[in-house]
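Each chain is listed here by its residues.
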Amino acid sequence: MKEIMPNSTAPGKVTDAPLTDEEIDDLLTKLTSEEIEKLLEETDPDDGHVPASARCTYHCDKVPTGPLNRKSLLNYIYEQAKKMPDKQDHVPHVPGVIRGKKWIDPNQEEKTEDFELDIDLGDEIEMALNDASTQDMIDLAGIMGLHSMINQEQYHAAVSNKHEDIDTEVGWDGI
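Since we're looking at a predicted model, the values are computed, not measured. (Residues numbered from 1 in each chain as written. Predicted model: local features only at pLDDT ≥ 70, side-chain atom pairs only at ≥ 80, totals over all residues. Heavy atoms only, no water.)

Asker: Quick rundown of the overall build of the chain? Include the residues and the values.
Answerer: Helix and strand counts for the chain come out as 7 helices and 0 strands. Mapped from its N terminus to its C terminus, the chain presents α and β elements in the order α-α-α-α-α-α-α. Counting all 175 residues of the chain, 9% fall into the buried class. Carbon and sulfur atoms provide 54% of the accessible area of the chain, an area that totals close to 16,800 Å². (Helix = DSSP H or I, 4+ residues; strand = E, 2+ residues; numbered from the N terminus. Buried < 20%, exposed > 50% of the residue type's maximum accessible area, 1.4 Å probe, protein only. Areas by Shrake-Rupley, 256 points an atom, 1.4 Å probe, with all protein chains shown as cover.)

Below you can see the structure in the form of C-alpha cells.
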C-alpha cells in the first residue's frame, strides 16, 4: 500500500491539519478488502459516527443452507416446545402460603394517618358552620372557589344563586 501524506509539501512530512474529504476518499479507494476488514475490527463499537452495521465485529462467512421458510421454522419450534417436558417445581405451589417477604419500594412516601385539624375560628363562625345545612356548605365551597369538593352544577348554582334547580338530596359527592 502506497502511503499518501495529507497536506504535505514535501514527502515524509505530515502537518497537523485535518484530512479533507477528497484525501480520505483517495485513501479509502486504495485499500484492499482485507485492509478494510482489519480497520473495521479496530473501530470503537460505541462510536456513533460509524453505522451500526459497521460497528458489529461478528461476521458470518457461512454459506446459507437454503431459503428461509418462516412457517416451517415456526412449526418446528412449536413442535419442539410441545415435546419438551415441563420442569417440575422444586417447591410446589400451595395457594395462600406466603414465602419470603413482601417487597416495599424504598422511594415510596410513607402514608400519613388522617388527622383532625383543630383550628380556632371563633365562637361566632363555629356556631354558624355547625348550624349550616349541606346546601349552605356547598354554596360556601362554591363561593370560596373549592371546585374540587363540588360538582359543576353545584358550583354554578352557588355562584348564580339559583337554588331552585338544585337537587337537595345530592350531597358532597355530587351523586
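Asker: Quick rundown of a nonpolar patch on the surface? Include the residues and the values.
Answerer: Taken together, Ile119, Leu121, Ile125, Leu129, Leu140, Met144 and Leu146 make up a surface patch of nonpolar side chains, about 600 Å² in accessible area. Elements with a minimum of two residues in the nonpolar patch: α5 (123-131) and α6 (134-144). Residue position: Leu140 is located in helix α6. (Patch = residues over 30% accessible without salt bridge, like charges linked within 9 Å, V, L, I, M, F, W, Y side chains within 5 Å. Salt bridge = Lys/Arg side-chain N within 4 Å of Asp/Glu carboxyl O.)

Asker: With reference to specific residues and values, describe a negative patch on the surface.
Answerer: Among the surface-exposed residues, Glu116, Asp118, Asp120, Asp123, Glu124 and Glu126 lie close enough to one another that they form a single negatively charged patch. Within the fold, Asp123 resides in helix α5. You can call Asp123 exposed: its relative accessible area is 61%. (Lys, Arg positive; Asp, Glu negative; His and termini not counted. Charge placed at Lys NZ, Arg CZ, Asp CG, Glu CD.)

Asker: Give me the lowdown on the environment of Glu42, citing residues and values where you can.
Answerer: Assignment of secondary structure puts Glu42 in the loop between α2 (33-41) and α3 (52-55). Relative accessible area serves as the criterion here: at 57%, Glu42 is assigned to the exposed category.

Asker: How would you sum up the pattern of salt bridges? Please name residues and give values.
Answerer: Taken as a whole, this structure holds 1 salt bridge when the rule is applied. The shortest N-O distance in the salt bridge between Asp26 and Lys30 comes to 3.8 Å. The exposure class assigned to Asp26 is partly exposed, which follows from its relative accessible area of 32%. The partly exposed category is assigned to Lys30, whose relative accessible area is 43%.

Asker: An account of the confidence of the model for the chain is requested, with residue identities and associated values reported.
Answerer: Across the chain, pLDDT averages 77, with 80% of residues at or above 70. Here helix α7 (residues 152-160) stands out as the element of the chain with the lowest mean pLDDT, 71, in contrast to helix α4 (residues 70-83), whose mean of 95 is the highest. (pLDDT = per-residue confidence, 0-100.)

Asker: Quick rundown of the side chain of Glu23? Include the residues and the values.
Answerer: Its place among the elements puts Glu23 in helix α1 (residues 21-29). Put simply, Glu23 is tucked away with no salt bridge, and the nearest opposite charge, on Lys30, sits 11 Å away.

Asker: Break down α6 for me, citing the residues and quoting the values.
Answerer: Within the span of α6, buried status applies to Gln135, Ile138, Asp139, Ala141 and Gly142. The arc enclosing the buried residues of α6, seen along the axis, measures out at 160 degrees, which places them on a common side. Across α6 from its buried face, at more than 90 degrees, point the exposed residues Ile143 and Met144. Two residues or fewer after α6 comes Gly145, characterised by a positive phi angle close to 85 degrees. (Arc of directions from axis to C-beta.)

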